[in-house]
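Structural characterization, general
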Amino acid sequence: MAAVEFDKVTCTFAARGGSGSYTAVKDTSLTIGEGEFVSVVGPTGCGKSTLLNVTAGLLRPSSGTVRVLGEPLAGINRHAGYMFQAEGLMPWRTALANVTAGLEFRGVDTAEARRRAEDWLERVGLAGFGDRYPHQLSGGMRKRVALAQMLILDPQILLMDEPFSALDIQTRQLMENELLELWSADRKSVIFITHDLEEAISLSDRVVVLSAGPATHPIGEFAIDLPRPRDVAEIRLTPRFIELHDRIWHSMKEEVLKGYAQTRNRVAS
Amino acid sequence: MKRYLRAVQVAMLVAIFVVWQVLTQPGLVPNFMWDNPDRAAFFFGEPVKMLQVVWEWFSGGAIYVHLWVTLEETVLAFVIGSLLGLAVGLWLGLSPTASALFDPYITALNAMPRVVLAPIFMVWFGLGIWSKVALGVTLVFFIVFFNVYQGVKEVSPVVLNNSVMLGANRRQLLRFVYLPSATSWLFSSLHTSVGMAFVGAVVGEYLGSARGVGYLIQQAEGAFDINTVFAGILVLTAFALVLDFAVARVERKLLVWRPSQSETEQL
């Protein structure tokens, strides 16, 4: 059974400040297997986040269906954890209280929630930082808190929207390795959105390339047959990685240029 | 550095009092404004006599009952006004229909000079503390209301979506996201709203009461006792400073989660 199945999903928005409409995603069919790590890459502004919001149930598709673990999705996707690109932590809660939030919403006993949150903070390398407020943590540490906050609920599907794009390259590779390590422990299904092809290849089982927007749709899928466990920094130097990178980049290049031209025209007009 | 600053500040205060005294004490300097040497003291009072009045108030204990009443009114006006502002702010912030409906009324009520309501409150609530509390509430309410409303509107959509994905239902969103966000805005308006509660209390007393510092000032003014009027003003100012200091302490406690500029300040 597939974890997530898109069947001809189309998302159309009313255009801002005028008549007409804008189609972000068009006729997208995509299947993410259980336990599979799938990265979705595409040029900027191509509707990658829209696809993720649809999977999360935060956005209803204009047409088409989304099936989660075989069931048609209605309302919020309760099987999914979502890690946002921007800061999603509650600034008025300490790191620990942010991690316990999901358990609190589910009515888990406070002492029990605390115990499990401390355990998770330790697993993401933040033991002893539980009483810090988000503004007292570095960007990388905040991402770790967000990761623990999501994983403590043990979701079967992880939705990640460029979660590490705001981090510097060293912190980013560290986080990627830690993500892989946590993931390999119980192999959840992951949809990982990124604009960074290297990140996509080094993390995933499969890379899906999207066309430039509007009316984004997948234009190519590539199985990544690199051996696991991987070290994201080292694997980038292997010949197979470079070969895959070349092939995927070739199929993307045209779309990236198209997306770039569109952005430029939009700025010019 | 800080101690030096304080010393200069105190010196300035003393200098002001000395200049004031020299200019107003009858016969000390030749008249240059009025023919009558007592005239300056009549209009501007004499600091030494003013301080004598203050000293008598505190040493004789006559002032405490008045200070207490003013404090009581201030605190009540602040608490009631804040709670009302918080409730209405949350409600209108979360309900676009209600906010669209009430918008012109809120604007009109806020634009109205609230002091004119004092006589009406006097008729409704009598000369006791409640007419002053009511006046203070009308002043505090709008400050808190606008802040809370803004706080609700500006909750980060990412934080909201994140909470939804973590499983929060509507009620939990209100309690764990909207309320903390709104109260943080409420606390940031703490100084202004406490000040407004104080203004409401004093103005209310001044316009008609039997107790309170505002009442003392009003009585002295009726007897052309300018020294006592200034003494009352001095006590009020000192009182306001103490209130502000207390608020700053509370604020520091409640807003630990807020990033402050001072943390990155260079030493």
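In this text the structure is predicted, and so the values were computed from the model without any measurement.

Here the focus is the overall build of chain A. Along its length, chain A carries eight helices and 10 strands. In terms of C-alpha radius of gyration, chain A reaches 19 Å, essentially the compact-globule figure of 18 Å for 269 residues. With respect to the principal axes defined by its C-alpha atoms, chain A has extents near 55 × 45 × 45 Å. Burial statistics for chain A: of 269 residues in total, 42% are counted as buried. Residue pairs at least 24 apart in sequence account for 70% of intrachain contacts in chain A once pairs closer than 6 positions are excluded.

Residues and elements named next belong to chain B. In this model helix α10 (residues 190-207) runs 26 Å from its N-terminal to its C-terminal C-alpha over 18 residues, within 8% of the 26 Å that 1.5 Å per residue would give. Residues of α10 that are buried: Leu 190, Ser 193, Val 194, Met 196, Ala 197, Phe 198, Gly 200, Ala 201, Val 202, Gly 204 and Glu 205. Buried residues along α10 sit in contact with α4 (62-94), α6 (118-125), α7 (129-153), α9 (170-188), α11 (213-222) and α12 (226-254). Phi turns positive one or two residues past the end of α10, at Gly 208, with a value near 160°.

Residue and element names in this part refer to chain B. Predicted confidence across chain B gives a mean pLDDT of 88, with 97% of residues reaching 70 or more. Taking the mean pLDDT of every element in chain B, the minimum, 82, falls on helix α2 (residues 39-44) and the maximum, 93, on helix α8 (residues 157-165). Here residues 262-267 is modelled with pLDDT under 50, and outside its nearest four sequence neighbours on either side it reaches zero contacts, counting other chains as well. Taken together, the chains of this predicted complex give a pTM of 0.80 and an interface ipTM of 0.87.

Residue and element names in this part refer to chain A. For chain A, the assigned domains are domain 1 (2-79 + 156-268) and domain 2 (87-154). With centres defined by C-alpha atoms, the gap from domain 1 to domain 2 works out at 26 Å. Listed as interface residues are eight residues of domain 1 and, on the opposing side, five residues of domain 2. Residues of the side of domain 1 that touches domain 2, tallied by class, amount to seven nonpolar, one polar and no charged.

As a measure of interface size, the accessible area lost when the parts come together is often cited. Listed per partner, the contact involves 16 residues of chain B and 20 residues of chain A. Residue assignment for the side of chain B that touches chain A shows that the elements contributing at least two residues are α8 and α9 of chain B. Ranked by residues supplied to the side of chain B that touches chain A, first place goes to α8 of chain B with six residues.

Moving on to the confidence of the model for chain A. Scored by pLDDT, chain A has a mean of 88; 97% of the residues are at 70 or more. No element of chain A has a lower mean pLDDT than helix α8 (residues 239-268) of chain A, at 82, and none a higher one than helix α2 (residues 95-105) of chain A, at 94.

The next subject is the environment of Glu 234 of chain A. The topology assignment puts Glu 234 of chain A in helix α7 (residues 232-235). Residue classification places Glu 234 of chain A among the exposed residues on the basis of 12 C-beta atoms within 10 Å.

Before going further, it helps to examine the nonpolar core. With 72 residues, the main nonpolar core has Val 99, Leu 121, Ala 148, Leu 159 and Ile 191 of chain A as its most contacted residues. Formed by 45 residues, the second largest nonpolar core is a distinct cluster that contains Ala 77, Leu 92, Tyr 149 and Leu 216 of chain B.

Residues and elements named next belong to chain A. Pairing in this open sheet of six strands is mixed, and the strands run β6-β7-β8-β3-β9-β10 from one edge to the other. Either end of the sheet is taken by a strand with one partner, and the two such strands are β6 (80-83) and β10 (218-223). Adjacent strand axes in the sheet meet at a mean angle of 15°, parallel and antiparallel pairs treated alike. Looking at chain direction, β6 and strand β7 (residues 157-161) are connected through four bridges and run parallel. Bridge pairing links Ala 80 to Ile 157 in β7.

Reading the values: rules and limits
Residues numbered from 1 in each chain as written. Chains lettered and ligands numbered in written order. Predicted model: local features only at pLDDT ≥ 70, side-chain atom pairs only at ≥ 80, totals over all residues. Helix = DSSP H or I, 4+ residues; strand = E, 2+ residues; numbered from the N terminus. Rg over C-alpha atoms; globule rule 2.2 N^0.38 Å. Buried ≥ 20, exposed ≤ 12 C-beta atoms within 10 Å, placed from the backbone. Contact = placed C-beta atoms within 7 Å. Expected span 1.5 Å × (residues − 1). pLDDT = per-residue confidence, 0-100. Domains from an automatic or database assignment. Nonpolar A, V, L, I, M, F, W, Y, C, P; charged D, E, K, R; others polar. Core = buried A, V, L, I, M, F, W, Y, C linked by C-beta atoms within 7 Å. Pairing = 2+ DSSP bridges. Axes fitted to C-alpha atoms, helices over the stretch in contact; angles between N-to-C directions.

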